[in-house]
Amino acid sequence: MNKTKVKICGVKETSTIDCCINNNVDYFGLIFHAKSPRNINLEVALKLINYVKSKKITPVGVFVSQPINELKDIIKKTHLNHIQLHGNEDSDYINLIKKDFELKIIKSVGIKEKNDFIKIKKLSNTDYFLFDYKPQINELPGGNAKTFDWLLLQNIKINKPWFISGGININNIKKIRKNLIPYGIDISSGVEEKLGIKSSQKITKLLEIFNA
């Protein structure tokens, strides 16, 4: 069986990247969303992207309903080859990006009930799906430390590789290994010492449990 990929999202420090590399993490997320406590600016993002140029970890730019021209400008400046769309982006939006750039796109889909999976039929031009807790009106689009019913994924036919996200922590990560075979897991709040600040100890501990 292929190794499940791991993405740590909302990274802001090189020390966190070092911890991720030591734990064989595959991706780290750079969040370009002003309302998120994990938001970073372009200057910090470029520093982190340059830091990993010769390292075995892939940066992923995370965007939430970003105006398309702003997004394209950031891609040009960062040369990101993986981005994650975590807002209301549709297949037309994805096509506009793919027309100008060769990159991989992860599209988030909020899940509360089985009917929410219908959305993936209209997103056939994405490269990966990321299934996350479906936020309420007053909540952030991601990183809410809340889970959905992961067992909804057990009998769904999905024709793309997919990540699972939403409130993954040391207390529930074994449930994923026991019940599902995702392409990847995406972790943010579950490895933080306080809101927006990653803990290297928590990253290491969580992955020890997951890989045991």
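Now for a look at the structure at hand. Small disclaimer: the values here were computed from a predicted structure and weren't measured.

Rules behind the numbers
Starting afresh in each chain, residues are numbered from 1 along the sequence in its written order. pLDDT decides what is reported in this predicted model: residues at 70 or higher carry local features, side-chain atom pairs at 80 or more are listed and counted, and totals for whole chains, interfaces and linings draw on all residues regardless. Side-chain numbers here rest on the full set of heavy atoms in the structure, without hydrogens or water. Going along the chain from the N terminus, every DSSP run of H or I of four or more residues is numbered as a helix, and every run of E of two or more is numbered as a strand. Three exposure classes are used, based on accessible area relative to the maximum for each residue type with a 1.4 Å probe and protein chains only: buried under 20%, partly exposed in between, and exposed over 50%. Detection works on a 1 Å grid of protein atoms alone, calling trapped sets that fit a 1.4 Å probe cavities and calling open sets with protein on both sides within 12 Å along at least five of seven lines pockets, with lining residues defined by an atom within 4 Å of a point. Grid points are joined across faces, edges and corners, and a volume is the space filled by probe spheres set on the points. Residue classes follow a fixed rule: Ala, Val, Leu, Ile, Met, Phe, Trp, Tyr, Cys and Pro count as nonpolar, while Asp, Glu, Lys and Arg count as charged, and any other residue, Gly among them, counts as polar. The term nonpolar core refers to a set of buried residues drawn from Ala, Val, Leu, Ile, Met, Phe, Trp, Tyr and Cys, joined through side-chain atoms within 4.5 Å. Here a residue-residue contact requires only that any non-hydrogen atoms of the pair lie within 4.5 Å. Ring pairs are drawn from Phe, Tyr and Trp, using the six-membered ring of Trp, whenever the two centres fall within 6.5 Å, and their geometry is named by plane angle: stacked under 30 degrees, edge-to-face over 60, tilted for the rest. Here a strand pair is declared whenever DSSP counts at least two bridges between the two strands. Here the term right-handed applies to a crossover when the path leading from its first strand over the helix to its second strand runs clockwise, the strands being oriented away from the viewer. Salt bridges are counted wherever a side-chain nitrogen of Lys or Arg sits within 4 Å of a carboxyl oxygen of Asp or Glu.

Looking at where Asn 171 falls in the secondary structure, it is placed in the loop between β7 (162–165) and α5 (173–179). For Asn 171, a relative accessible area of 69% translates into the label exposed. In this structure, the C-alpha to C-alpha distance between Asn 171 and Ile 209, residues 38 residues apart in sequence, is 9.3 Å.

Turning our attention to the layout of surface pockets. Empty space within the largest pocket amounts to approximately 310 Å³. Around the largest pocket sit 18 residues that line it, and Gly 87, Lys 107, Ser 108, Val 109 and Gly 110 are the ones nearest its centre. Listed by contribution, the elements that provide at least two residues to the lining of the largest pocket are β5 (104–111) and β6 (128–133). No other element matches the 4 residues that β5 contributes to the lining of the largest pocket. Residues of the lining of the largest pocket, tallied by class, amount to 5 nonpolar, 6 polar and 7 charged.

Among the nonpolar cores identified, the biggest contains 56 residues, and Ile 83, Ile 97, Phe 131 and Ile 164 are the most heavily contacted of them. The element best represented in this core is helix α6 (residues 200–211), accounting for 5 residues. Look past the residues within four positions of Ile 83 in its chain and what remains in contact with it is Val 60, Gly 61, Phe 63, Leu 71, Ile 75, Ile 97, Leu 103, Lys 104, Ile 105 and Ile 106. If you look at the next biggest cluster of nonpolar residues, it comprises 6 residues, including Tyr 27, Val 60, Tyr 128 and Leu 130.

Within this structure, the stated rule accounts for 8 aromatic pairs. Summarising the aromatic geometry, the rings of Phe 32 and Phe 63 are spaced 5.0 Å apart at their centres and angled 5° between planes, so their arrangement reads as stacked. With a gap of 31 residues between them, Phe 32 in strand β2 (residues 27–32) and Phe 63 in strand β3 (residues 58–63) connect regions that are remote in the sequence. Comparing Phe 32 with Phe 63 shows no difference in burial state: the two are buried.

Neither face of strand β8 (residues 184–187) is open: one carries Gly 184 and Asp 186, the other Ile 185 and Ile 187, and all of them are buried. The pairing of strand β1 (residues 5–9) with β8 spans 4 bridges and is classified as parallel. Looking at β8, one finds that Lys 7 is bridged to Asp 186. Strand direction decides the pairing type here: β7 and β8, joined by 3 bridges, are parallel. Counted as the bridge partner of Ser 165 is Asp 186 from β8. Following the chain from β7 across α5 to the adjacent parallel β8, one finds a crossover that is right-handed.

This brings us to the pattern of salt bridges. Under the definition given, this model contains 10 salt bridges. A salt bridge links Lys 107 to Glu 89, with the shortest nitrogen-to-oxygen separation between them at 3.4 Å. Of this pair, Lys 107 sits in strand β5 while Glu 89 sits in the loop between β4 (82–85) and α4 (91–100); the two residues are 18 residues apart in sequence, bridging distant segments of the chain. Residues Lys 107 and Glu 89 agree in their burial class; the two are buried. Of the charged contacts in the structure, one is a salt bridge between Lys 134 and Asp 116, with a shortest N-O distance of 2.9 Å. Of the two residues, Lys 134 sits in the loop between β6 and β7 while Asp 116 sits in the loop between β5 and β6, which places them 18 residues apart along the sequence. Its relative accessible area of 33% is what places Lys 134 among the partly exposed residues. Each of Arg 38, Glu 192 and Lys 198 takes part in one network of salt bridges that share partners.

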